[in-house]
Amino acid sequence: MTLEEALAALDGLRRQIDVLDLQILELLNRRAVVAAQIGDVKKAVSLPVYEPKREEEVFRNVTTHNPGPLSEAAVRRLFERIIDEMRLLQRERLNREQDQ
């Protein structure tokens, strides 16, 4: 492969990544909407935001359905971060409503 071919290949692959990133962003925002709704339900019945048992269910779900090439540990780390952000969203919404 020539340098020119390699650069063209990289450009095409990076464009694919850009499209995928926007799809991931859309899915994360859709997940955030649902997480916010879950937070509203929890608030209505005074349930805690943090539910370790449910988080383990999420980890089990995604790791057992992971076809790769990401490792189970990598998937878990990614979803730990996603869940942390969703929990933060729930807490921020709860705090905003309490401040009003």
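Residues numbered from 1 in each chain as written. Predicted model: local features only at pLDDT ≥ 70, side-chain atom pairs only at ≥ 80, totals over all residues. Heavy atoms only, no water.

Things to note about a nonpolar patch on the surface
At step 1: A cluster of nonpolar residues, Ile 17, Leu 20, Ile 24 and Leu 28, forms a patch on the protein surface that exposes about 330 Å² of accessible area.
At step 2: Positionally, Leu 28 belongs in helix H1 (residues 3–44).
At step 3: Leu 28 sits in the partly exposed class, given a relative accessible area of 31%. (Patch = residues over 30% accessible without salt bridge, like charges linked within 9 Å, V, L, I, M, F, W, Y side chains within 5 Å. Areas by Shrake-Rupley, 256 points an atom, 1.4 Å probe, with all protein chains shown as cover. Salt bridge = Lys/Arg side-chain N within 4 Å of Asp/Glu carboxyl O. Helix = DSSP H or I, 4+ residues; strand = E, 2+ residues; numbered from the N terminus. Buried < 20%, exposed > 50% of the residue type's maximum accessible area, 1.4 Å probe, protein only.)

What about the side chain of Thr 63?
At step 1: Residue placement: Thr 63 occurs in helix H2 (residues 52–64).
At step 2: With a relative accessible area of 14%, Thr 63 lands in the buried category.
At step 3: Polar side-chain contacts of Thr 63 include one of 2.7 Å to the backbone oxygen of Phe 59.
At step 4: Polar side-chain contacts of Thr 63 include one of 3.4 Å to the backbone oxygen of Arg 60.
At step 5: Apart from the residues lying within four places of it in its own chain, the contact partners of Thr 63 are Glu 72, Val 75 and Arg 76. (Polar contact = N/O pair within 3.5 Å; in protein donor to acceptor, adjacent residues only side chain to side chain. Contact = heavy atoms within 4.5 Å.)

Shape descriptors only; they carry no functional weight alone.
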